[in-house]
Amino acid sequence: MKVIFLGTPDFAVASLKALIKSKHEVVAVVSQPDRAKDRKGNLLPTPVKVAAQENGIEVYQFEKIRTDGIEILKSIDADIMVTAAYGQILSREILEMKRFGVINVHASLLPKYRGSAPIQWAVINGETETGITIMQTDVGVDSGAMLSSVKTPIGENETAGELTDRLKEMGADLLIETLELLSKNKIIAVPQDEMSATKCRMLEKADGHLDFTRNKREIVCRCNGVTPFPGAYAVLDGTPVKIGKVLSVSGNYGKCGKISVVGNEMIAACADGGIKILQLQLPGKNMMLAKDFLRGHRLNDGAEFV
RNA sequence: CGCGGGGUGUAGCAAUAGGUUAGCUUUUCGGGCUCAUAACCCGAAGGUUGGAGGUUCGAGCCCUUCCCCCGCAA
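Residues numbered from 1 in each chain as written. Chains lettered and ligands numbered in written order. Predicted model: local features only at pLDDT ≥ 70, side-chain atom pairs only at ≥ 80, totals over all residues. Heavy atoms only, no water.

Engineer: Whenever I open this one, the domain arrangement of chain A confuses me. Can you help?
Structural biologist: Accessible area lost during the coming together of the parts is what is often quoted as the interface size. You can read the domains of chain A as domain 1 (2-200) and domain 2 (205-296). Look at where the C-alpha atoms of domain 1 and domain 2 centre, and you get two points 34 Å apart. On the domain 2 side, the residues contacting the 12 residues of domain 1 number 14 residues. Buried area between domain 1 and domain 2, summed over both chains or domains, comes out near 980 Å², and the portion from carbon and sulfur atoms is 52%. Its largest share of buried area at the contact with domain 2, domain 1 owes to Ile124, Asn157 and Thr159, together 48% of the area lost on that side. (Domains from an automatic or database assignment. Contact = heavy atoms within 4.5 Å. Buried area = accessible area lost by both parts, 1.4 Å probe.)

Next comes the structure, spelled out in structure tokens:
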């Protein structure tokens, strides 16, 4: 089939590359306008844009696809549009423009976790499994009828970043499979159960603030869910400290947030045990191992994370 | 020209108002103690203090410029 691919972040790149390698033809790529900037303020291209250009595929970046994308999309001969974390909502006009409409690769087991950061929220909420769902896009947010899905367990200490890396490959594989069946009309779309649908919002910086008055399991999930973006952190002696990998440990470590140094390990107390901090990062510094941190910094007895 | 922090032996940090042998922890090697050890004791190795200029009697520290890293903001 002739495919127009719409996607933006790294997650979508895997699907795009799989499409390019498949027998299908990617006739055009649409991505969000470049927004990311480096420290000098230079705009950085989106990952999908980079991948498309490397393969010599025409890239379009519409400020608002529902208005300025219409004419161009119409003019491109294609059978279907595929979206993967594109970032803009499509109008009915666009949804019905091509023969097979629009299908979307979504990183959750719909109808749960519709919306922006499904992988992260699944980890934060302590889910034990998640997956990929491919569905026919309709006018709602991730509400269209489901075409296919695949499940995967979430590792005890798996971060959202690691899980994303796995899911994007699973999504790419499932996409190719689904496209194959779809082109032969061998798929029956299953409507989502609206009653059990849940929606999640985008993550913001503050979502990364670890609350040590909570239980260890919650804290570890929270930390894993916001890693690597937007990043977990806590405040130590007035300075924000980014926190990398953590593990939960049992035992009583005193007041929530209090930091104990045991040998060359660093453990922060929480409601029902302790959180072992394996990596941390000070402003202006690189991420370092806790034992390295302890070599250069003497913590006083009252040291605690807030 | 968005704001800001930083580049010191393997790693993490120090170094009073510029001053003499650049310190500490860790690591490595040698030796000792021990039933044993990631513990402890003794000793040793290892730095052109990111690069290049400049000011000075004297620069890790001050000035100029370049390279690299990072936090915030987007």
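Engineer: It is not clear to me how helix α2 (residues 47-54) should be interpreted in this structure. Could you clarify?
Structural biologist: Quick reminder: α-helices carry 3.6 residues per turn. Residues three or four places apart thus point the same way. Those residues of α2 lying buried are Val48, Lys49, Ala51 and Ala52. With its buried residues spanning 165° around the axis, α2 presents them on a single face. For α2, the elements touching its buried residues are β1 (2-7), α1 (10-21), β2 (25-30) and β3 (59-60). In the segment just after α2, Gly56 is the residue with positive phi, at about 65°. (Buried < 20%, exposed > 50% of the residue type's maximum accessible area, 1.4 Å probe, protein only. Helix = DSSP H or I, 4+ residues; strand = E, 2+ residues; numbered from the N terminus. Arc of directions from axis to C-beta.)

Engineer: What is the right way to look at the sheet that holds strand β14 (residues 265-270) in this model?
Structural biologist: In a beta sheet, neighbouring strands are held together by backbone hydrogen bonds and run either parallel or antiparallel to one another. Reading across the sheet, the 4 strands line up as β12-β15-β14-β13 and stay open at both edges, with antiparallel pairing between neighbours. Of all the strands in the sheet, the pair left with one neighbour each is β12 (246-249) and β13 (259-262). Ignoring strand direction, the axes of neighbouring strands in this sheet form an average angle of 30°. Relative to β14, β13 runs antiparallel, the two sharing 4 bridges. Paired with Val262 across the two strands is Glu265, which belongs to β14. (Pairing = 2+ DSSP bridges. Axes fitted to C-alpha atoms, helices over the stretch in contact; angles between N-to-C directions.)

Engineer: Any chance you could explain helix α7 (residues 160-183) here in plain terms?
Structural biologist: Helix length check: α7 (24 residues) gives 33 Å between terminal C-alpha atoms against 34 Å at 1.5 Å per residue, within 8%. Immediately downstream of α7, the backbone of Asn185 shows phi near 55°, a positive value. (Expected span 1.5 Å × (residues − 1).)

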